[in-house]
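Residues per chain, in single letters:
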Amino acid sequence: MPRTQIPKEAILKAALRKLIRDGYSSLNIKSIAEEIGCSTQPISWHFGNMETLRRALAEFALNYADEKMYRGGKQGMDAFFHVGRAYIEMAFDEPNLFQYLFMNGGSGNRGIGFKQLVNTDEKKEMIQQITVDLQIPKEKTSQFFHNMIIYTHGLASYIATGQITAPKEEVWDMLKKAVFLFHEEQAQSEKGKEG
């Protein structure tokens with residue numbers, strides 16, 4: 001009997017859909033096969049076992065999230081706002097994925113840690129561009145960046161777990177106000193140096 005040709009990426013897409021819709025605990029070879037509409041054999045042929053599939057899914061899910069957060073070629077503050085908004089929207093629209101990637105989400109892995117959230121090449125470039133755009137010292141930009149990641153992650157975590165039920169626009173306004181307060185603090189700091 002010939003094998004059913006189901007590409008590896010189709011399996012990962014189905015697993016990701018199921019993860020987003022039903023959460024990490026719903027994933028097993030049988031449930032993913034049902035999501036695809038096939039037997040379990042194509043999954044076993046490609047991945048061998050569930051542990052290998054889970055590792056591949058973790059990378060696939062992270063690439064999916066990164067694509068949402070970093071697309072658009074924006075730089076500086078525009079990129080910063082875009083990433084923050086995409087992060088918050090993921091918590092609203094795909095809470096199971098957000099929990100899986102950034103909060104453990106029942107996966108048994110520790111999720112993405114703070115160092116991984118702030119120490120990527122994209123984020124280093126963003127910090128450098130914000131430093132130039134706002135004409136402030138790089139240390140101040142880094143401090144602001146780290147503080148906003150903590151603040152944004154806290155909001156998103158509460159949203160993903162249903163503890164904050166405010167509308168998206170209200171949460172987005174909270175983020176904008178936090179950025180505004182940073183600008184005000186910087187302006188006051190500069191006035192103090194001049195006076």
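Residues numbered from 1 in each chain as written. Predicted model: local features only at pLDDT ≥ 70, side-chain atom pairs only at ≥ 80, totals over all residues. Heavy atoms only, no water.

## Brief notes about the overall build of the chain
Then, in step 1: A count of helical and extended segments in the chain gives ten helices and zero strands.
Then, in step 2: The order of α-helices and β-strands along the chain, N terminus first, is α-α-α-α-α-α-α-α-α-α.
Then, in step 3: Counted over contacts in the chain with a minimum sequence separation of 6, partners at least 24 positions apart contribute 66%.
Then, in step 4: As displayed, the chain has an accessible area near 11,300 Å², and 50% of this comes from carbon and sulfur atoms. (Helix = DSSP H or I, 4+ residues; strand = E, 2+ residues; numbered from the N terminus. Contact = heavy atoms within 4.5 Å. Areas by Shrake-Rupley, 256 points an atom, 1.4 Å probe, with all protein chains shown as cover.)

## Considering empty space enclosed by the protein
Then, in step 1: If you walk through the whole model with that rule in mind, you get two cavities of 30 Å³ or more.
Then, in step 2: If you add up the space inside the largest cavity, you get close to 220 Å³.
Then, in step 3: Surrounding the largest cavity, 17 residues form its lining, F80, V83, G84, I149 and T152 being those nearest its centre.
Then, in step 4: For the lining of the largest cavity, the secondary structure elements donating two or more residues are α4 (50-70), α5 (76-93), α9 (138-160) and α10 (168-194).
Then, in step 5: Of the residues contributing to the lining of the largest cavity, the split by class is 13 nonpolar, three polar and one charged.
Then, in step 6: Here the second largest cavity defines a volume of roughly 40 Å³.
Then, in step 7: Residue lining of the second largest cavity: R85, I88, E89, K168 and W172, and that is the complete set.
Then, in step 8: Broken down by element, the residue count for the lining of the second largest cavity peaks at three residues, all from α5.
Then, in step 9: Grouping the amino acids of the lining of the second largest cavity by side-chain chemistry returns two nonpolar, no polar and three charged. (1 Å grid on protein atoms, 1.4 Å probe; cavity = no way out; pocket = protein on both sides within 12 Å on 5 of 7 lines; lining within 4 Å. Points joined across faces, edges and corners; volume = space filled by probe spheres on them. Nonpolar A, V, L, I, M, F, W, Y, C, P; charged D, E, K, R; others polar.)

## Considering the packing of aromatic side chains
Each aromatic ring pair is characterised by the separation of its centres together with the angle its planes make.
Then, in step 1: This model, assessed by the stated rule, comprises five aromatic pairs.
Then, in step 2: Among the aromatic residues, ring-to-ring pairing joins Y87, F98 and F102 into one connected group. (Phe/Tyr/Trp six-rings, centres within 6.5 Å; stacked < 30°, edge-to-face > 60°.)

## Some words on the confidence of the model for the chain
Then, in step 1: When the pLDDT values of the chain are averaged, the result is 84; 82% of them are 70 or greater.
Then, in step 2: Of all the helices and strands in the chain, helix α7 (residues 114-118) carries the lowest mean pLDDT, 54, while helix α1 (residues 8-22) carries the highest, 97. (pLDDT = per-residue confidence, 0-100.)

## Details of the nonpolar core
Then, in step 1: One finds I32, I43, L53, F80, L97, F98 and Y100 to be the most contacted residues of the largest nonpolar core, which totals 52 residues.
Then, in step 2: The biggest single contributor to this core is α5, with nine residues.
Then, in step 3: If we ignore the near neighbours within four places in the chain, the residues touching L97 are L16, L19, I20, A61, Y64 and M90. (Core = buried A, V, L, I, M, F, W, Y, C linked by side-chain atoms within 4.5 Å. Buried < 20%, exposed > 50% of the residue type's maximum accessible area, 1.4 Å probe, protein only.)

## Some details on the packing of α5 against helix α6 (residues 95-102)
Then, in step 1: Following both chains from N to C, one finds α5 and α6 inclined at 120°, their axes separated by 5 Å at the closest point. As the angle between them shows, α5 and α6 are arranged oblique. For the pair formed by α5 and α6, the contact residues are Y87, M90, A91, F92 and D93 on the first element and P95, L97, F98 and F102 on the second.
Then, in step 2: Looking at the contact of α5 with α6, its residues break down into eight nonpolar, no polar and one charged. (Axes fitted to C-alpha atoms, helices over the stretch in contact; angles between N-to-C directions. Parallel < 35°, antiparallel > 145°, perpendicular 65-115°, else oblique.)

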